[in-house]
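Descriptive analysis of the structure
Spelled out, the chains give:
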Amino acid sequence: MLITTTNVVEGRPVQEYLGVINAQSIIGANIFKDIFAGLRDVFGGRSKTYERVLEQAKEDALRELAEKAQALGANGVLGVDLDFETIGSGGSMLMVIATGTAVRL
Amino acid sequence: MRNYFGTYTASRQSEPITASVLLFDRSLSIGYQDESGANHTARWEMNQLSASVVFSDGESLIRNIGTGEELRIAGKEAATLVKEMQEEMAKPWYRKKSAGYKGRLALFFGGLMLVLALLYFLFVPILSEKIAETVEPETERQLGDAVWEAMQPGITEDTGASRLVNEFFGALNVETEYRIRITVVNENVVNAFALPGGRIVVYTALLDKMQSYPELAALLSHEFTHVNNRHATKSIFRRLGSKVFISLLFGKMGSVTSVLVNHADDLKSLTYSRSLEKEADLDGLAILTNRKIDPQGFTDLFRHLKTAAPESTLPEFLASHPDIDKRIGYIKEMSKQAPVESHAELKAIFEQLKKQ
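Now for a description of the structure that goes with this document. Each residue is numbered by its place in its chain's sequence as written, counting from 1. Going through the entries in the order they are written, you letter the chains from A and number the ligands from 1. Local features in this predicted model are restricted to residues whose pLDDT is 70 or higher, and side-chain atom pairs enter the listing and the counts only when it is 80 or higher, whereas totals over whole chains, interfaces and linings include all residues. As a rule here, side-chain values come from all non-hydrogen atoms in the structure, and water together with hydrogens is ignored.

Another aspect to go through is the overall build of chain B. Counting from the N terminus, the helices are the DSSP runs of H or I reaching at least four residues and the strands are the DSSP runs of E reaching at least two. Scanning chain B for helices and strands turns up 11 helices and 10 strands. Of all 356 residues assigned to chain B, the portion counted as buried reaches 41%. Long-range pairs, those at least 24 residues apart, make up 58% of the contacts in chain B with a sequence separation of at least 6. Exposure is judged per residue with a 1.4 Å probe applied to protein chains only, and the accessible area is read against the type maximum: over 50% gives exposed, under 20% gives buried, and values in between give partly exposed. Two residues form a contact once any of their heavy atoms are found within 4.5 Å.

Here's what the structure looks like:
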């Protein structure tokens, strides 16, 4: 499986287009992560806890995208686009949406 | 997640076919097309696999022990990763389905709730009060004056009565670092209150109801205790402390949660308010009994407040003051056999006040 943000893969032409697929991951940091991030907001600097949460959300979205592609018989997802949004009251939940085109290379 | 291309062999008799491979934490997923072109995906759990590196080809060979299926992937990385994940899963903390897990989780949350409860009900209020005690009387006076200034439009002072009530309080000879200033306000309200820093406000309607000087002494000593014991300042800091703690815990809440949490906090602060009122009653009573002033003044004062207020159907936990009958009860209990003397000076000032 090849997952890429590019529209073409050098040396591997697309044999079949299998459709646009997307996957989303919504993740909430827990109370303690919120508290520590809130303190970081007061004092400044990087928030490692939220960075880890964001990384996890991105991994989950890409994983789901890859599984959907595989189920369609694809061995590649081209033009992958990742969108990051905050949702929920006060923006405490993070949403990552991964979109791409499933293909057979 | 790691993704590879590989060749998948269903059995010894089958031809190897090109497949896409997704390697997750505890499983791997194989996607392939059969001879008829139909799509298939196979999921292998990590604990079913045997992974090795074929040295002659430099490729990873992964076998499903249960079914005999095989997967070959170029390079050593896939086999290495599978082995690492299997080692990780063998570690004791990975076995989350063990019998005691839910129990341990429940214990952890119970402990956490206990800690948070201790912080909210004990540590935060005590810390807030300690901080309140560091506030200088001068700062309290400025705060009280600011509140008083804000109330000004609509306030008409009875200056003659104010002078006499201040004289009365002076005659009580109460030692304090605060400069007590009593203001009598013309209004048909049977009430009195104290502001931080020493200002006490008494409404004329309450003075009109009083029949004897012990009642005035009881009122002033009650309000004085609020000032001297810094009740208003402590209340402010406790409310502030609670709100900061709640906002740290809950962050920016939705409107429903916000209403629920704030009202719950309000109920807690009412409990504190009632305890402060009781403290003002009892410390005020001590001022009277130390000077051998008749403690009956307190019970008479409460009766005036009771007749002035409409009968409330609200339960006590929603009230800022203890129930009046309860107040009369504990005052009577604490003032049993208290010696009483006559105070000519206080009586004279009181009678002058009543003539006004």
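Before going further, it helps to spend a moment on the interface of chain A and chain B. Contact residues are listed per partner, giving 22 residues for chain A and 21 residues for chain B. With both chains or domains summed, chain A and chain B bury close to 1,800 Å², and 58% of this area falls on carbon and sulfur atoms. Criterion for a salt bridge: a side-chain nitrogen of Lys or Arg within 4 Å of a carboxyl oxygen of Asp or Glu. Scanning the region where chain A abuts chain B turns up 1 salt bridge. Glu67(A) is the partner of Arg43(B) in a salt bridge, and the nearest nitrogen-oxygen pair spans 2.9 Å. Within 3.5 Å is the distance limit for a polar contact, defined as a pair of N or O atoms, with the added protein rule that one can donate a hydrogen and the other accept it, and that residues adjacent in sequence qualify only through two side-chain atoms. For the interface between chain A and chain B, the tally reads 7 residue pairs in polar contact (both at pLDDT 80 or more). Elements supplying a minimum of two residues to the side of chain A that touches chain B: strand S1 (2–3), helix H1 (31–43) and helix H2 (48–71) of chain A. The element that contributes the greatest number of residues to the side of chain A that touches chain B is H2(A), accounting for 7 residues. Each residue is assigned to one of three groups, with Ala, Val, Leu, Ile, Met, Phe, Trp, Tyr, Cys and Pro labelled nonpolar, Asp, Glu, Lys and Arg labelled charged, and all others, Gly among them, labelled polar. Grouping the amino acids of the side of chain A that touches chain B by side-chain chemistry returns 12 nonpolar, 5 polar and 5 charged. Accessible area, probed at 1.4 Å, shrinks when two parts are joined; the buried area is that loss added up over both.

Right, let's get into the sheet that holds strand S8 (residues 181–185) of chain B. Residue and element names in this part refer to chain B. Pairing between strands requires that DSSP locate at least two bridges from one strand to the other. Strand order across the open sheet formed by 3 strands is S8-S10-S9, with mixed pairing between neighbours. Edge positions in the open sheet fall to S8 and strand S9 (192–194), since each of these has one partner strand only. Averaged over all pairs of adjacent strands, the angle between their axes in this sheet comes to 15 degrees, without regard to strand direction. Bridge analysis of S9 against strand S10 (residues 199–203) gives 3 bridges, and the strand direction is antiparallel. Bridged to Ala194 within S10 is Ile200. With respect to the sheet, helix H3 (residues 137–151) is in contact with S8, S9 and S10, its orientation differing from that of S8 by roughly 15 degrees. Fitted lines through C-alpha atoms give the axes, limited to the stretch in contact for helices. The angle between two N-to-C directions lies from 0 to 180 degrees.

Following the sequence through the fold, Gln70(A) ends up in helix H2. Looking at Gln70(A), its side chain comes within polar contact range of the main-chain oxygen of Ser20(B), at 2.9 Å. Side-chain polar atoms of Gln70(A) contact the side chain of Ser29(B), separated by 2.2 Å. Apart from the residues within four sequence positions on either side, Gln70(A) is in contact with Met1(A), Ser20(B), Val21(B), Leu22(B), Ser29(B), Ile30(B), Gly31(B) and Thr41(B).

All names here are of chain B. Two rings belonging to Phe, Tyr or Trp (six-membered ring only in the last case) form a pair when the distance between their centres is within 6.5 Å. Interplanar angles under 30 degrees mark stacking, angles over 60 mark edge-to-face geometry, and anything in between is tilted. In the structure shown here, the tally under the stated rule is 8 aromatic pairs over all chains. Through a chain of ring-to-ring contacts, the aromatic side chains of Tyr8, Tyr32 and Trp44 assemble into a single cluster. Two limits define a charge over a ring: the Lys NZ or Arg CZ must be within 6 Å of the ring centre, and within 35 degrees of the ring normal. One Lys or Arg, Lys278, reaches over the ring of Tyr330 and ends 4.9 Å from the middle of that ring.

This part covers empty space enclosed by the protein. Put simply, the grid is 1 Å and covers the protein atoms alone, a cavity is a trapped set of points that fit a 1.4 Å probe, a pocket is an open set with protein on both sides within 12 Å along at least five of seven lines, and lining residues have an atom within 4 Å of a point. Grid points are joined across faces, edges and corners, and a volume is the space filled by probe spheres set on the points. The full count for this structure, using the stated rule, is 1 cavity of 30 Å³ or more. A volume near 50 Å³ is recorded for the largest cavity. Surrounding the largest cavity, Gly73(A), Ala74(A), Asn75(A), Arg104(A), Thr18(B), Ala19(B), Ser20(B), Gly31(B), Tyr32(B), Gln33(B) and Asn39(B) form its lining. Secondary structure elements with two or more residues in the lining of the largest cavity: strand S2 (17–23) and strand S3 (27–33) of chain B. Each residue belonging to the lining of the largest cavity can be placed in one class, and the counts come to 3 nonpolar, 7 polar and 1 charged.

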